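Spelled out from the first residue to the last, the chains are:
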Amino acid sequence: MDKRLLDILCCPVSKTPVRPLSKHELDALNDAIVAGKVDSVAGVAVRERIAEALITTDRKVIYRVEDGIPVMLPEEGIGTVQLTDFPGV
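Scope of this entry: the structure provided in the associated data block.

Criteria and thresholds
Residues numbered from 1 in each chain as written. Predicted model: local features only at pLDDT ≥ 70, side-chain atom pairs only at ≥ 80, totals over all residues. Heavy atoms only, no water. Salt bridge = Lys/Arg side-chain N within 4 Å of Asp/Glu carboxyl O. Helix = DSSP H or I, 4+ residues; strand = E, 2+ residues; numbered from the N terminus. Buried < 20%, exposed > 50% of the residue type's maximum accessible area, 1.4 Å probe, protein only. Pairing = 2+ DSSP bridges. Core = buried A, V, L, I, M, F, W, Y, C linked by side-chain atoms within 4.5 Å. Contact = heavy atoms within 4.5 Å.

It is worth spelling out the pattern of salt bridges at this point. Summed over all chains, the structure comprises six salt bridges. Ionic pairing is found between R64 and E76, a salt bridge with its closest N-O pair at 2.7 Å. Here the residue R64 occupies a position in strand β3 (residues 61-66), and E76 occupies one in the loop between β4 (69-70) and β5 (78-79), the gap between them amounting to 12 residues. By relative accessible area, R64 is classed as partly exposed at 22%. Three or more residues are tied together by salt bridges with common partners; here these are R19, E25 and R59.

This is the structure in structure tokens:
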């Protein structure tokens, strides 16, 4: 992802900056998706694995990136509280 774009992106709700999800974090997220344990903030089950994502720097919300474009819609976010095996900092 373009560094200049990443520098200006933030969570649309909390205005917290975002950073790319690490491979370890992405693997943990996808494991939870495959296990059927992930819902969006809107309560919709996330069923497809995610190839790339951004996470708020406070580690509370994940936003997927599709074809290099961040999907920063509040209802599309994934809260990390539901991810019991999500890696720590």
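On to the pairing of β3. Where strand β2 (residues 53-56) meets β3, three bridges bridge the pair, whose relative direction is antiparallel. Bridge pairing in β3 links A53 to R64. Taking the residues that link successive antiparallel strands as the turn, the β2-β3 hairpin has four residues, and the phi of R59 there is positive, at about 65°. Pairing of β3 with β5, which is carried by two bridges, proceeds in the antiparallel orientation.

It is worth spelling out the nonpolar core at this point. Counting 15 residues, the largest nonpolar core has L21, L29, V38 and I62 as the members making the most contacts within it. At the level of secondary structure, the elements contributing two or more residues to this core comprise α2 (23-34) and β2. The dominant element in this core, judged by the number of residues it contributes, is α2, at five residues. Not counting residues within four places of it along the chain, the set of residues in contact with L29 comprises L21, V38, I50, I62, I78 and L83. Ranked by size, the runner-up nonpolar core spans nine residues in total, among them L6, C11, V18 and V61.

Taken by themselves, the reported measurements are silent on function.
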